[in-house]
Amino acid sequence: MFKDIITLPEKKYLGFGKMIPWENSMQIQFKMWDEGFADGRISKLKKLCQSDKVLGIFCYRCDNDTHTFSYHIACENISNEVNDEFDELTLLPLTFARFTGICSDLNQRVSTYNSLCDEIWKHWLSENEYISLIELETNGGIEGYASVEIFNPENPSNVPYNFEIWLPIKNK
């Protein structure tokens, strides 16, 4: 469900991630969250960045040739610390359309997430005066543009949870 539109200044993040295939990406993303909590990387990241909020950064890098995009689990780097274990990411000043969803069944988390994505890509974008900045035709693959995901509670293996998808946009 559409929530609102916000504009944010440039922000610096630290996180861990990898390039993943476009197809069936959600299973990989959720597995990254599970592993990050289990091996302590998320706790270490929060402590290093002095941040309580953990988020997903989707499509910071895109490769059309290999049909892959980057997915990072990250924190805003409030402390400005650097660590070789984590990638440094900078999101440029962006306007985001924010969307919300609720997942109440762990077995349905992929389909719940995909339903909201379908609403965004198939309906909301076509019915409004905006275009996505992570589309390859507009700016996809340019570092500094990315979609943001927020889970509350922050571990998407704990249900029920609310989630938000922040899509970077500009006027058509």
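Everything quoted here is computed from the prediction, not taken from an experiment.

Conventions used here
Residues numbered from 1 in each chain as written. Predicted model: local features only at pLDDT ≥ 70, side-chain atom pairs only at ≥ 80, totals over all residues. Heavy atoms only, no water. Helix = DSSP H or I, 4+ residues; strand = E, 2+ residues; numbered from the N terminus. Rg over C-alpha atoms; globule rule 2.2 N^0.38 Å. Buried < 20%, exposed > 50% of the residue type's maximum accessible area, 1.4 Å probe, protein only. Contact = heavy atoms within 4.5 Å. Areas by Shrake-Rupley, 256 points an atom, 1.4 Å probe, with all protein chains shown as cover. Lys, Arg positive; Asp, Glu negative; His and termini not counted. Charge placed at Lys NZ, Arg CZ, Asp CG, Glu CD. Core = buried A, V, L, I, M, F, W, Y, C linked by side-chain atoms within 4.5 Å. Salt bridge = Lys/Arg side-chain N within 4 Å of Asp/Glu carboxyl O. Disulfide = S-S within 2.5 Å.

(A) Inspection of the overall build of the protein chain at higher detail. When helices and strands are counted, the protein chain shows 3 helices and 9 strands. Reading the protein chain from its N terminus to its C terminus gives the helix and strand order β-β-α-α-β-β-β-β-α-β-β-β. Taking 16 Å as the expected radius of gyration for a compact globule of 172 residues, we find that the protein chain reaches 15 Å, a close match to that expectation. Along the three orthogonal principal directions, the C-alpha set of the protein chain runs to about 40 × 35 × 30 Å. Counting all 172 residues of the protein chain, 45% fall into the buried class. Taking all contacts inside the protein chain whose residues are at least 6 apart in sequence as the whole, residues at least 24 apart take part in 76%. As displayed, the protein chain offers around 8700 Å² of accessible surface, 48% of which is attributable to carbon and sulfur atoms. Side chains of the protein chain give 16 positive and 26 negative charges; the mean places of these two sets differ by 3 Å.

(B) Looking closely at the nonpolar core. Core analysis: the largest hydrophobic core is formed by 37 residues, its most contacted members being Tyr 71 and Ile 73. Secondary-structure elements contributing two or more residues to this core are strand S2 (11-21), helix H1 (25-38), helix H2 (41-49), strand S3 (55-63), strand S4 (68-76), strand S6 (94-103), helix H3 (109-127) and strand S9 (161-171). Tallying contributions element by element places H3 first for this core, with 6 residues. Setting aside residues no more than four positions away along its own chain, Ile 73 makes contact with Leu 14, Gly 15, Phe 16, Met 32, Trp 33, Ile 42, Leu 45, Val 54 and Leu 55.

(C) Local environment of unusual backbone geometry. In this model, Gln 50 sits at a positive phi of 55 degrees, which is unusual for a non-glycine residue. Looking at where Gln 50 falls in the secondary structure, it is placed in the loop between H2 and S3. One non-glycine residue, Asn 80, adopts positive backbone phi at about 60 degrees. By secondary structure assignment, the location of Asn 80 is in the loop between S4 and strand S5 (87-91).

(D) Spatial organisation of the pattern of salt bridges. Under the counting rule described, the total for this entry stands at 9 salt bridges. A salt bridge links Lys 12 to Glu 10; the shortest N-O distance between them is 3.5 Å. Residues Lys 44 and Glu 85 are paired through a salt bridge, measuring 2.4 Å at the closest nitrogen-oxygen approach. Of the two residues, Lys 44 is situated in helix H2 and Glu 85 in the loop between S4 and S5; the sequence distance between them amounts to 41 residues. For Lys 44, a relative accessible area of 41% gives the class partly exposed. Among the residues examined, Glu 85 registers a relative accessible area of 37% and is labelled partly exposed.

(E) Structural context of the state of the cysteines. Counted by the stated rule, this structure contains 0 disulfides. As a non-bridged cysteine, Cys 75 has Cys 49 as the owner of its nearest cysteine sulfur, 5.0 Å distant. Here Cys 103 stays free of any disulfide, with the sulfur of Cys 117 as its closest cysteine sulfur at 13 Å.

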